[in-house]
Amino acid sequence: MMDRMNMKRIAAEHAAGFIQNGMKVGLGTGSTAYYAIVTIGERVRSGLSIEAVATSQASEQLARELGIPLVPIEQARQLDITIDGADELDDRLRLIKGGGGALLREKMTAYNSKRLIIIADESKRVPRLGGFPLPVEVVTFAKEWTVRSLEALGADVKLRLDSQGDLYSTDNGNYIADCSFGVIDAPDELARELQRIPGVVEHGLFISMADMAVIGCSDGSIQTLTRSS
Ligand SMILES: O=C[C@H](O)[C@H](O)[C@H](O)COP(=O)(O)O
């Protein structure tokens, strides 16, 4: 039986195979995206010619260390493909993202990509979203108002802390509210409600964004899911 790290690795390596010469590529964030970036770095060293945009400072630094050419964001136009991880995904390829705090840049990058490919180990695939607390990026101003508005939607809300016990600050200088809703019956509706709250910068529900999921399984096989609608 394969462990989770290796399931992530095989999914990432498979997905990196979709990248072709000349493509503009979005680099995801997290422990699964890490393997994709490493594989892309190896392919670049073997002659693959691409330009990349990173979804976090951490991924940008890794890409730089590996010699992956990065486009300054001001010059980035539409990307061909983004490969990123997820905290949960359902059969309709609706996602929860943001466990690593990068959801805003990830969503912007995905939105500006022709294709979003999600890579994950099999534990991320769930019948219904909500087991993983939904990360919501909120502005620092009057965070209590925003937290109360999130609670009014039925969530148990915790502002994320960093390893020092201080409020976690995203790459964009905002906070993350981790919102436990329990099982989310209607993710599309919840996404709309969250967007209506002033103070919410972005939320970690990715609806109708992922085109494909590549899932590494414990028996060493790869499963691919594609979005039909
Ligand atoms: O903010 C972080 C991202 O959304 C990650 O892609 C997500 O948390 C999955 O991370 P990992 O691959 O480490 O489980």
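No experiment lies behind these values; they were computed from the predicted model shown.

Here is what the cut-offs are and how they apply
Residues numbered from 1 in each chain as written. Predicted model: local features only at pLDDT ≥ 70, side-chain atom pairs only at ≥ 80, totals over all residues. Heavy atoms only, no water. Helix = DSSP H or I, 4+ residues; strand = E, 2+ residues; numbered from the N terminus. Rg over C-alpha atoms; globule rule 2.2 N^0.38 Å. Buried < 20%, exposed > 50% of the residue type's maximum accessible area, 1.4 Å probe, protein only. Contact = heavy atoms within 4.5 Å. Areas by Shrake-Rupley, 256 points an atom, 1.4 Å probe, with all protein chains shown as cover. Lys, Arg positive; Asp, Glu negative; His and termini not counted. Charge placed at Lys NZ, Arg CZ, Asp CG, Glu CD. Salt bridge = Lys/Arg side-chain N within 4 Å of Asp/Glu carboxyl O. Core = buried A, V, L, I, M, F, W, Y, C linked by side-chain atoms within 4.5 Å. Pairing = 2+ DSSP bridges. Axes fitted to C-alpha atoms, helices over the stretch in contact; angles between N-to-C directions. Near = heavy atom within 4 Å. Polar contact = N/O pair within 3.5 Å; in protein donor to acceptor, adjacent residues only side chain to side chain. Nonpolar A, V, L, I, M, F, W, Y, C, P; charged D, E, K, R; others polar.

1. Quick look at the overall build of the protein
Next, step 1: Along its length, the protein carries six helices and 13 strands.
Next, step 2: The globule rule puts the C-alpha radius of gyration for 229 residues at 17 Å, and the 17 Å found for the protein is close to it.
Next, step 3: Taken along its principal axes, the extent of the C-alpha atoms in the protein is 50 × 40 × 35 Å.
Next, step 4: A buried classification covers 50% of the 229 residues belonging to the protein.
Next, step 5: Once local pairs closer than 6 in sequence are excluded, the contacts in the protein between residues at least 24 apart make up 74%.
Next, step 6: With the model as given, the accessible surface of the protein reaches about 10,900 Å², and the carbon-plus-sulfur share is 48%.
Next, step 7: Both charge centroids of the protein, one from 25 positive and one from 31 negative side chains, sit 4 Å from each other.

2. Here's the deal with the pattern of salt bridges
Next, step 1: Under the counting rule described, the total for this entry stands at 17 salt bridges.
Next, step 2: Across the pair Arg-9 and Glu-13 runs a salt bridge whose closest N-O atoms are separated by 3.2 Å. Placement of the pair is Arg-9 and Glu-13 together in helix 1 (residues 4-16), with a separation of four residues, close to one helical turn.
Next, step 3: For Glu-144, the salt bridge goes to Lys-143, with nearest N and O atoms at 3.0 Å.
Next, step 4: Among the residues examined, Glu-144 registers a relative accessible area of 41% and is labelled partly exposed.
Next, step 5: Look at the salt bridges and you will find they share partners, linking Asp-84, Lys-97 and Glu-106 into a network.

3. A short note on the nonpolar core
Next, step 1: Formed by 26 residues in total, the largest nonpolar core has its most connected members in Ile-19, Val-25, Ile-40, Ile-50, Ile-68, Ile-83 and Ile-119.
Next, step 2: Those elements that provide at least two residues to this core are helix 1, strand 1 (24-27), helix 2 (31-45), helix 3 (57-65), strand 3 (79-84), strand 6 (113-121) and strand 12 (212-216).
Next, step 3: A total of five residues in this core trace back to one element, the largest contributor, which is helix 2.
Next, step 4: Those residues within four positions of Ile-40 in sequence are excluded, and the remaining contacts are Ala-16, Ile-19, Val-25, Leu-27, Ile-50 and Ile-68.
Next, step 5: If you look at the next biggest cluster of nonpolar residues, it comprises 21 residues, including Leu-150, Ala-155, Leu-190 and Ile-197.

4. Describing the environment of Ile-215
Next, step 1: For Ile-215, the location among the structural elements is in strand 12.
Next, step 2: Given a relative accessible area of 1%, Ile-215 falls into the buried group.
Next, step 3: The spacing of Ile-215 and Arg-9 is 206 residues in sequence and 10.0 Å in space, taken between C-alpha atoms.
Next, step 4: Among all residues touching Ile-215, those that are not within four sequence positions of it are Ala-11, Leu-89, Ala-120, Asp-121, Glu-122, Arg-125, Ser-221, Ile-222, Gln-223 and Leu-225.

5. Some remarks on the sheet that holds strand 9 (residues 175-180)
Next, step 1: With respect to topology, four strands assemble into an open sheet ordered 8-9-7-10, the strand pairing being antiparallel. Among the strands making up the open sheet, the edge pair consists of strand 8 (156-159) and strand 10 (200-203). Across the sheet, the mean angle from the axis of one strand to that of its neighbour is 30°, orientation sign disregarded.
Next, step 2: Note: strand 7 (residues 134-138) against strand 10, three bridges, orientation antiparallel. Across the sheet, the residue bridging to Val-138 is Val-200, located in strand 10.
Next, step 3: Against the sheet, helix 6 (residues 187-195) engages strand 7 and strand 10, with an angle of about 160° to strand 10.

6. Observations concerning the site of the ligand
Next, step 1: As a structural note, the neighbourhood of the ligand is formed by 17 residues, with Ser-31, Thr-32, Asp-87, Glu-106 and Lys-124 the closest of them.
Next, step 2: At 3.3 Å from an oxygen atom of the ligand is found a main-chain nitrogen or oxygen belonging to Gly-99.
Next, step 3: Glu-106 is positioned with one of its side-chain polar atoms (N or O) 2.7 Å from an oxygen atom of the ligand.
Next, step 4: The fraction of the free accessible surface of the ligand (370 Å²) that becomes covered by protein chains is 91%.
Next, step 5: Partitioning the shell around the ligand into residue classes produces two nonpolar, nine polar and six charged.

Scope: geometric values only; no functional claims are made or implied.
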